[in-house]
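# Geometric and topological summary
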Amino acid sequence: MSTPEPADALRMLPDSNWDRGSSTHVEHLVEAGHVLQLPNLPFTLAQDEQRFLSPSWSDGKSKNISLRGAAELRGAQGGKDDLVALQAMIRRFAAQAQALVERLFPQYRRKLRAGNASLRPFAVQERESSWRKDDTRLHVDAFPSNPTQGVRLLRVFTNLNPAGQPRVWRVGEPFADFASHFAPRLSRPLPASSWLLHALHITKSRRTPYDHAMLQLHDLAKADKDFQCASPQQEVAFAPGTTWVVFSDQVLHAVMAGQHMMEQTFYLRPTDQLAPETSPLRVLERLLHRPLV
Ligand code: SIN
Ligand code: FE
């Protein structure tokens, strides 16, 4: 039996410049759950930055090297000058990603909050892990220690691979279909659990009923072998030099292959969307017939 394919999740944008180009006002596309693919938008490395395309700059403890704010580099090791140059490279990516989202999504201007930027130097196939951390399984992004309380996760990715290798993703069915499939299995949080998780510093802020539902969806999907292979999905190969933008809390995704990528996360409140009813928060509230705040 072949796996059914969902309607094409991708939308191509021709732009070849981060802060100039013809594509703008595409909020409706990304809110509808499309992956915006910009095949002509590389992040260009200087000659002496090519050396950063190596896992050897990782401190070995985290799978990504990340930049928090403008100045805090995490997960990297190296000499002082090297780390300054590495940080400057990631900061330049963060600035370009910012220029891109301001141009593509004028409606979100001053509403998007930039989170971390990261460099992902490891080959996907070599990554460890428990089934819960295994991003080769279809999932929507939801993190146990980082509750979003319904705030959206908008991510900009760029494939930097110097050897021509694509980053290969699977993209799954629309969020409402996915959520309906697992909704009968969603339980409510235990009374006082959200307070306790926060008091014990397990979560960085209060885990709301929304976060509880999203974590369950994340885990139910990853643990379900049938869902992984039989649910509607399409494979997408993002060639080096391609940038793509997606609401990763909404679009089911899995990464199958690739090495060397950069990523910048932005946060957006559902009320700042063009169509707040498309947010996972509102979709889940409609499906479960209860508020999740
Ligand atoms: C993910 O968010 O699941 C990881 C995507 C990737 O590493 O390409
Ligand atoms: Fe993910």
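Moving on, we get to the sheet that holds strand S8 (residues 233–238). The strand order across the open sheet formed by three strands is S8-S7-S10, and the pairing between neighbours is antiparallel. Edge positions in the sheet fall to S8 and strand S10 (253–257), since each of these pairs with one other strand and no more. In this sheet, adjacent strand axes meet at a mean angle of 25° when their direction is disregarded. Here six bridges tie strand S7 (residues 167–172) to S8, and the two strands are oriented antiparallel to one another. Bridging across to S8, Trp 169 finds its partner in Val 236.

Glancing now at unusual backbone geometry. Within the chain, Gln 149 stands out as a residue other than glycine whose phi angle is a positive 60°. On the secondary structure map, Gln 149 appears in the loop between strand S5 (113–120) and strand S6 (152–159). In this structure, His 260 takes a positive phi of about 75° despite not being glycine. Mapped onto the secondary structure, His 260 falls in the loop between S10 and strand S11 (261–268).

Okay, the pairing of strand S9 (residues 243–247) next. With five of five residues buried, S9 lies mostly within the body of the structure. Across the two faces of S9 the burial is the same, with Thr 243, Val 245 and Phe 247 and Trp 244 and Val 246 all buried. Note: strand S2 (residues 35–38) against S9, three bridges, orientation antiparallel. When the sheet's bridge partners are listed, Leu 38 is paired in S9 with Thr 243. Pairing geometry for S6 and S9, over five bridges, is antiparallel. Its bridge partner lying in S9, Leu 154 is registered against Phe 247.

On to helix H7 (residues 280–288), then. Listing the buried residues of H7 in full gives Pro 280, Leu 281, Val 283, Leu 284, Glu 285 and Leu 288. The inward-facing, buried residues of H7 contact S6, helix H3 (175–182) and helix H5 (209–223). Downstream of H7 by a residue or two, His 289 has a phi angle that is positive, lying close to 55°.

Bringing the layout of surface pockets into the picture now. The calculated volume of the largest pocket comes to roughly 1500 Å³. Tallying contributions element by element places S5 first for the lining of the largest pocket, with six residues. The residue inventory of the lining of the largest pocket, partitioned by class, reads 13 nonpolar, 17 polar and 18 charged. The space that makes up the second largest pocket amounts to roughly 240 Å³. Around the second largest pocket, the lining comprises 19 residues; the ones closest to its centre are Ala 32, Gly 33, Glu 173, Pro 174 and Phe 175. Across the lining of the second largest pocket, the residue classes tally to 11 nonpolar, five polar and three charged.

Moving on, we come to the pattern of salt bridges. For the coordinates displayed, the defined rule picks out 16 salt bridges. Here Arg 155 and Asp 141 are joined by a salt bridge, their closest N and O atoms 2.8 Å apart. Of the two residues, Arg 155 is situated in strand S6 and Asp 141 in the loop between S5 and S6; the sequence distance between them amounts to 14 residues. Given a relative accessible area of 12%, Arg 155 falls into the buried group. For Asp 141, a relative accessible area of 7% corresponds to the buried category. Put simply, Glu 263 and Arg 155 hold a salt bridge, and the shortest N to O gap is 3.0 Å. Remark: Arg 155 occurs in strand S6 and Glu 263 occurs in strand S11; sequence separation between them is 108 residues. A relative accessible area of 3% means that Glu 263 is categorised as buried. Sharing partners across several salt bridges, the network here consists of Arg 120, Asp 141, Arg 155 and Glu 263.

The rules we used
- Residues numbered from 1 in each chain as written.
- Chains lettered and ligands numbered in written order.
- Predicted model: local features only at pLDDT ≥ 70, side-chain atom pairs only at ≥ 80, totals over all residues.
- Heavy atoms only, no water.
- Pairing = 2+ DSSP bridges.
- Helix = DSSP H or I, 4+ residues; strand = E, 2+ residues; numbered from the N terminus.
- Axes fitted to C-alpha atoms, helices over the stretch in contact; angles between N-to-C directions.
- Buried < 20%, exposed > 50% of the residue type's maximum accessible area, 1.4 Å probe, protein only.
- Contact = heavy atoms within 4.5 Å.
- 1 Å grid on protein atoms, 1.4 Å probe; cavity = no way out; pocket = protein on both sides within 12 Å on 5 of 7 lines; lining within 4 Å.
- Points joined across faces, edges and corners; volume = space filled by probe spheres on them.
- Nonpolar A, V, L, I, M, F, W, Y, C, P; charged D, E, K, R; others polar.
- Salt bridge = Lys/Arg side-chain N within 4 Å of Asp/Glu carboxyl O.

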